Amino acid sequence: EEMKVAEENERRRQQELEHSKRKEEERKLAEEEAEKRRIEAEALAERKRIEEEWKRKEEEKDANWQAEKKRLMNERKKEREQLQGELRALQEERIEEEKFQKEEIRQAEEREQESRKSEHAKELERLRIIDELKLVKQERLMEEMKRKETHLKAKKKADENDKLFKMRDLEQQRLKTELEESIKLQK
């Protein structure tokens, strides 16, 4: 009878031991599963954070690019208006110069007819008129050179702006590649 009781107790003890072992294994599995879910959730949250950050940076870059584009367009518009203004001014100056030259020539002719000076005096007057015409021509050439220089400066600035756009595109591509590699590593 005692042996039966002892066997029964041993059997119960074995069952309890197995039961507690199963409970421990289930607890460990649950903990591992919870840890796995926590790590997955963290990875997902990190990936989402990186994607949001990338999206924010892209939007910021796009906004900056749009603002820069608008600024450059306004700058070019102002330069174009300035060049058009300078061209109009040059045309008006040319018209005034032509009027001035015609008036000078007319007055010189009148003076020549009125004075009936000697050949020497007439030659001196003619040389003076030629000198005045040369001066006017030189002034016109100087204005033309200034206009060309202004045009070249504007062209150079436009070329520099084009370089900036290319550099910005390369930088955007590099950042995008880095982000894609970072996302691959996260996975």
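Rules used throughout
- Residues numbered from 1 in each chain as written.
- Predicted model: local features only at pLDDT ≥ 70, side-chain atom pairs only at ≥ 80, totals over all residues.
- Heavy atoms only, no water.
- Axes fitted to C-alpha atoms, helices over the stretch in contact; angles between N-to-C directions.
- Helix = DSSP H or I, 4+ residues; strand = E, 2+ residues; numbered from the N terminus.
- Parallel < 35°, antiparallel > 145°, perpendicular 65-115°, else oblique.
- Nonpolar A, V, L, I, M, F, W, Y, C, P; charged D, E, K, R; others polar.
- Salt bridge = Lys/Arg side-chain N within 4 Å of Asp/Glu carboxyl O.
- Buried < 20%, exposed > 50% of the residue type's maximum accessible area, 1.4 Å probe, protein only.

*Asks:* Honestly, the packing of helix α1 (residues 2-115) against helix α2 (residues 119-186) in this entry has me stumped. Any pointers?
*Replies:* The axes of two packed helices give the description: the angle between them and the distance between them. Contact pair α1 / α2: the axes reach a minimum separation of 11 Å and the direction vectors enclose 175°. Our classification of the angle between α1 and α2 gives roughly antiparallel. Here the contact of α1 with α2 is built from residues that sort into 17 nonpolar, seven polar and 26 charged.

*Asks:* What is the right way to read the pattern of salt bridges from this model?
*Replies:* A side chain with one charge may pair with a side chain of the opposite charge, provided their charged atoms come close. Scanning all chains against the criterion turns up 31 salt bridges. A salt bridge links E60 to R56; the nearest nitrogen and oxygen atoms lie 2.9 Å apart. Linking E60 with R56, this pair stays in helix α1, spanning four residues, or about one helical turn. Taking the relative accessible area as the measure of exposure, E60 reaches 42% and is therefore partly exposed. A residue is classified by how much of its surface remains accessible, and R56, at 40% relative accessible area, is partly exposed. Of the charged contacts in the structure, one is a salt bridge between R168 and D169, with a shortest N-O distance of 2.6 Å. On the accessibility criterion, R168 (24% relative accessible area) is partly exposed. Here the salt bridges share partners, and the residues they tie into one network are E53, R56, K57 and E60.

Structural measurements only, silent on function.
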